[in-house]
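Understanding the architecture of this molecule
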Amino acid sequence: MDKVEIFTDGACKGNPGTGGWGALLVAGEAEKEIFGGEHNTTNNRMELQAVIESLNALKRPCDVVLHTDSQYVQKGISEWIHGWKKRGWTTSSKEPVKNADLWQALDLAQSVHKVDWRWVRGHNGHPGNERADVLANRGVDSVRRK
């Protein structure tokens, strides 16, 4: 399988508000930048969207190291999702899982890849994370111009 390193980030101006997502995909010497945004969304939704879009951008199954500065995403996909699925997308307190539509899309998107999930501290000088942050803000700007 091809090896790909991905850095993702989400941004929101107001929460809820206008949001953006961005991702940097690196395979060897090749790099690809992707971004997008939405009106009336949340930061958590944009963090999830960045990961979903980056995994869906891969053309074939890959061995992925995915970096996110969102503990919500990292813990959700690594720990919490198993219980949510067993309980029919409800939390341990029997409440509906927030953003279940995106969690389900992420579960599907990751299923074709071997993903090593890594949390990085945001806004801490990590080059890949800093570039993803710029892309997420570009996503916000792309929505504001429409």
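Keep in mind it's a predicted model, so treat the numbers as computed, not measured. (Residues numbered from 1 in each chain as written. Predicted model: local features only at pLDDT ≥ 70, side-chain atom pairs only at ≥ 80, totals over all residues. Heavy atoms only, no water.)

What to know about the nonpolar core
Core analysis: the biggest nonpolar cluster contains 31 residues, and Leu55, Trp103, Leu106 and Trp117 have the highest contact counts within it. Contributions of two or more residues to this core are made by β1 (2-14), β2 (17-27), α1 (43-56), β4 (62-68), α2 (71-86), α3 (100-110) and β5 (114-119). Tallying contributions element by element places α1 first for this core, with 6 residues. Phe7, Leu24, Ala132 and Leu135 belong to the second-largest nonpolar core, a separate cluster that totals 5 residues. (Core = buried A, V, L, I, M, F, W, Y, C linked by side-chain atoms within 4.5 Å. Buried < 20%, exposed > 50% of the residue type's maximum accessible area, 1.4 Å probe, protein only. Helix = DSSP H or I, 4+ residues; strand = E, 2+ residues; numbered from the N terminus.)

Observations concerning the packing of aromatic side chains
Within this structure, the stated rule accounts for 4 aromatic pairs. Consider the rings of tyrosine 72 and tryptophan 103, whose centres lie 5.3 Å apart with planes at 70°: the pair is edge-to-face. You can see tyrosine 72 sitting in helix α2 and its partner tryptophan 103 sitting in helix α3, a full 31 residues away along the chain. With respect to class, tyrosine 72 is no different from tryptophan 103; both count as buried. Where tryptophan 84 meets tryptophan 103, the ring centres are 5.1 Å apart and the plane angle is 65°; that geometry is what we call edge-to-face. Here tryptophan 84, found in helix α2, pairs with tryptophan 103, found in helix α3; they are 19 residues apart in sequence, far enough to count as distant. You'll find tryptophan 84 and tryptophan 103 in the same group, each marked buried. Here a set of aromatic residues connected by ring pairs shows up, and it is made of Tyr72, Trp80, Trp84, Trp89 and Trp103. (Phe/Tyr/Trp six-rings, centres within 6.5 Å; stacked < 30°, edge-to-face > 60°.)

Here's the deal with the UniProt feature "domain: RNase H type-1" (unreviewed entry) in the chain
Annotation from UniProt places "domain: RNase H type-1" (unreviewed entry) at residues 1-141. Taken end to end, residues 1-141 has its terminal C-alpha atoms 35 Å apart, with 40% of it in helix and 35% in strand. (UniProt positions renumbered as here; feature names shortened; annotations may be inferred.)

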